[in-house]
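# Remarks on the overall topology
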Amino acid sequence: MSTRKPLSDQRIAIVGAGLAGVACGRVLAGAGLHVTVFDKARGAGGRMSTRRTDLGPFDHGAQYFTARDPDFRAAVLAWQSEGVVAAWTGRIERVGASPGPDPSPGERFVGVPGMSALLRHAARDLQICYETHITGIERISGAYRLHEAGGPPLRAFDQVVVAVPAPQAVPLLAVVPAFAERVATVRLAPCFTLMVAFDAPLPTPLDGIFFEGTSLAFAARDSSKPGRPAGERWVIHGHWDWSAAHLDDPPEAVATALLSAFFGALGLTPVVPIAASTHRWRHALPVTHLDVGFVYEAGLGVGACGDGFGAPRVEGAWVSGTALGRAMLAAGGMVSPAAAATTG
Ligand SMILES: Cc1cc2nc3c(=O)[nH]c(=O)nc-3n(C[C@H](O)[C@H](O)[C@H](O)COP(=O)(O)OP(=O)(O)OC[C@H]3O[C@@H](n4cnc5c(N)ncnc54)[C@H](O)[C@@H]3O)c2cc1C
C-alpha cells in the first residue's frame, strides 16, 4: 500500500449509511479502526428506509429480504435473536397474465418494527455524520479530503469507501477514473412507491403480490409484517418501465394511476384510502450490475461497494460491504473479525 501509516492508525471515511456502507463500517470498526460514515439523510437506511406517519410506518423501499449467503444468513439469525429482524410469513402470490403461487417461495425477512430498525441497530455504535451530502473527493498529498455541499472541506482521510447507488458513486469516484468508468456501466431503474392506508381490511387474502403485465411490480400489505401496529397499510410499487415513463408526472397523478391499477389487477371494487402518499426512487434497483463484489485499490486506498457490485438486493448490499471491509483489513495485514462479530 502506498498509504504510509499502519492501518490501525489510519482514518477511513465511508460515504453512504445504507446496508453496504454500514456492513463495511462494522467490519472495519469491529477490528478497532477509526471509521467515520457520512450520509446525506437524517438516519441510516438508504433504500431500506421506513416512512413514519400518523397512521403507522411504511417500508417504502425494500419490502423484505432473502438470506441465502451463509455469512449473511448468520448475520440475519443474530439480528433475529436480537429482535430487530423477523420472518414475514404473509401469503404471497403472482397476479396477472399467469396467476399462481408465490413465484419465489422461501424465507423472507423484514426489519422489526420497520425495515429501518435493522439499519439503526447495525449502525448503532458507528460514528456517523448525518445530513452531510458529500459532493466530491479530492486527493491531496496521498490523503483524501471530502467536500460537503455548502460546507468547508471535511478533514483528511487515509482511505475512502463509496457506498452509494452506482450513478451517484460515479462523480465521487473521479479520484480513480478506472473505477468511475466501470461503475458508470451499472444502470439502476427508477420506482414509484405508493403508500396507502384504508380504514378497513381490503377483501383479499393476499399479503404480497407480484404483478405481471401491468404498471405494477409488487405490493405488500405492510401492516401484515411482524411487529407492525394495527391498521390496513399497503405499499404499492410501480413497475420500473412504467415508473421510468412517468418519472416527471405529478405525485397525485401517479397515486391515482397506481391505485387504479392495483384495484383493477386484484379485481377489487376501488376503495378511497384514508391517506395516500408517493415516493419517487430515482435509483431503485440495478438492472445491470458488476459481478465483482466490490472494487478496491489498496495502493490508493479507495473502494466502492453496494448492490451494484453483486446481487442487486439487500442481501447483495451486505455481502458487498462486508467483503470490501474484509479485503481492506487483509490488504492492511489485519485479520477479519469473525462474521458473527460484524453483524451488529
Ligand atoms: C422501491 C424499492 C424496492 C426494493 N425492494 C427490495 C426487496 O423487496 N428486496 C430486496 O432485497 N431489495 C429490494 N430493494 C433493493 C434494496 O433496497 C437495495 O439493494 C439495498 O438497500 C441497497 O443498499 P446500499 O447500501 O447498496 O444502497 P442504499 O441503501 O441506497 O444506501 C446508500 C446511502 O448513501 C446515501 N448517499 C447517497 N449519495 C450520497 C452522498 N453524495 N453523500 C452522502 N450520502 C449519500 C443515501 O442517503 C443512502 O443512505 C428495493 C429497493 C427499492 C428502492
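Residues numbered from 1 in each chain as written. Predicted model: local features only at pLDDT ≥ 70, side-chain atom pairs only at ≥ 80, totals over all residues. Heavy atoms only, no water.

This part is about the site of the ligand. Around the ligand, the structure places 35 residues, and the nearest of them are Asp39, Arg47, Tyr64, Ile134 and Asp307. Between the ligand and Leu19, the relevant distance is 3.1 Å, taken from an oxygen atom to a main-chain nitrogen or oxygen of the residue. Interatomic distance of 3.2 Å between a backbone N/O atom of Gln63 and an oxygen atom of the ligand. With the chains in place, 94% of the 1000 Å² that the ligand exposes on its own is no longer accessible. Of all the secondary-structure elements, those providing two or more residues to the shell around the ligand are helix H1 (19–30), strand E14 (187–198), strand E18 (275–288) and helix H8 (314–331). Residue contributions to the shell around the ligand peak at three residues, all from E18. Broken down by class, the residue content of the shell around the ligand amounts to 18 nonpolar, twelve polar and five charged. (Near = heavy atom within 4 Å. Polar contact = N/O pair within 3.5 Å; in protein donor to acceptor, adjacent residues only side chain to side chain. Areas by Shrake-Rupley, 256 points an atom, 1.4 Å probe, with all protein chains shown as cover. Helix = DSSP H or I, 4+ residues; strand = E, 2+ residues; numbered from the N terminus. Nonpolar A, V, L, I, M, F, W, Y, C, P; charged D, E, K, R; others polar.)

Using the criterion set out here, one finds 13 aromatic pairs in the structure. Taking the centre distance of 5.8 Å and the plane angle of 85 degrees together, the rings of Phe38 and Phe157 count as edge-to-face. Of the two residues, Phe38 is situated in strand E2 (residues 34–38) and Phe157 in strand E12 (residues 156–157); the sequence distance between them amounts to 119 residues. A relative accessible area of 4% places Phe38 in the buried class. With centroids separated by 6.2 Å and ring planes inclined at 70 degrees, the aromatic side chains of Phe192 and Trp242 adopt a geometry described as edge-to-face. Here Phe192, found in strand E14, pairs with Trp242, found in helix H6 (residues 240–245); they are 50 residues apart in sequence, far enough to count as distant. (Phe/Tyr/Trp six-rings, centres within 6.5 Å; stacked < 30°, edge-to-face > 60°. Buried < 20%, exposed > 50% of the residue type's maximum accessible area, 1.4 Å probe, protein only.)

Before going further, it helps to spend a moment on the pattern of salt bridges. Enumeration according to the criterion identifies 14 salt bridges in this entry. In this structure, the salt-bridge partner of Lys5 is Asp158, at a minimum N-O distance of 3.2 Å. With a gap of 153 residues between them, Lys5 in the segment before strand E1 (11–15) and Asp158 in the loop between E12 and strand E13 (159–162) connect regions that are remote in the sequence. By relative accessible area, Lys5 is classed as partly exposed at 38%. Judged by relative accessible area, Asp158 falls into the buried class, the value being 7%. (Salt bridge = Lys/Arg side-chain N within 4 Å of Asp/Glu carboxyl O.)

Next up on the list: the packing of helix H2 (residues 70–81) against H8. Put simply, H2 and H8 touch, their axes get as near as 10 Å, and they point 105 degrees apart. Between H2 and H8, the crossing angle belongs to the class labelled roughly perpendicular. Residues Asp71, Phe72, Ala75 and Trp79 of H2 form the contact with H8, whose own contacting residues are Val314, Glu315, Trp318, Val319 and Arg326. (Axes fitted to C-alpha atoms, helices over the stretch in contact; angles between N-to-C directions. Parallel < 35°, antiparallel > 145°, perpendicular 65-115°, else oblique. Contact = heavy atoms within 4.5 Å.)

Okay, unusual backbone geometry next. In the segment running from Val112 into Pro113, the intervening peptide bond is cis, with an omega of 5 degrees. Mapping Pro113 onto the fold places it in the loop between strand E8 (109–111) and helix H3 (115–122). In this structure, Glu131 takes a positive phi of about 50 degrees despite not being glycine. Relative accessible area serves as the criterion here: at 56%, Glu131 is assigned to the exposed category. Although it is not a glycine, Ser141 sits at a positive phi angle of roughly 50 degrees. Relative to the assigned elements, Ser141 resides in the loop between strand E10 (134–140) and strand E11 (143–148). We classify Ser141 as exposed; its relative accessible area is 73%.

Within the secondary structure, His283 is located in strand E18. Along the sequence, His283 and Leu188 sit 95 residues apart, while their C-alpha atoms lie 5.2 Å from each other. Each residue touching His283, except ones within four places of it in the same chain, is listed here: Arg47, Pro165, Pro167, Gln168, Leu188 and Ala189.

Here we take up the nonpolar core. Grouped together as the largest cluster of nonpolar side chains are 50 residues, with contacts concentrated most on Leu28, Met48, Phe65, Phe72 and Trp79. Sorting the residues of this core by element identifies E1, H1, E2, H2, E8, H3, strand E16 (216–221) and H8 as the ones contributing at least two each. Among the elements that make up this core, the one with the highest residue count is H1 (seven residues). Setting aside residues up to four positions removed in sequence, Met48 forms contacts with Leu19, Ala62, Phe65, Met115, Ser116, Leu118, Leu119 and Val314. Tyr144, Val162, Ala304 and Phe309 belong to the second largest nonpolar core, which has 27 residues in total. (Core = buried A, V, L, I, M, F, W, Y, C linked by side-chain atoms within 4.5 Å.)

This part is about the state of the cysteines. Evaluated as defined, the whole model comprises zero disulfides. With no disulfide of its own, Cys24 lies 4.9 Å from the sulfur of Cys305, the closest cysteine sulfur. (Disulfide = S-S within 2.5 Å.)

Bringing the pairing of E11 into the picture now. In the sheet, E10 pairs with E11 via six bridges, with the strands oriented antiparallel. Bridge pairing in E11 places Ile137 opposite Leu146. Examined bridge by bridge, E11 and E12 share two bridges and lie antiparallel to one another. In the sheet register, Tyr144 faces E12, and the bridge partner there is Phe157. (Pairing = 2+ DSSP bridges.)

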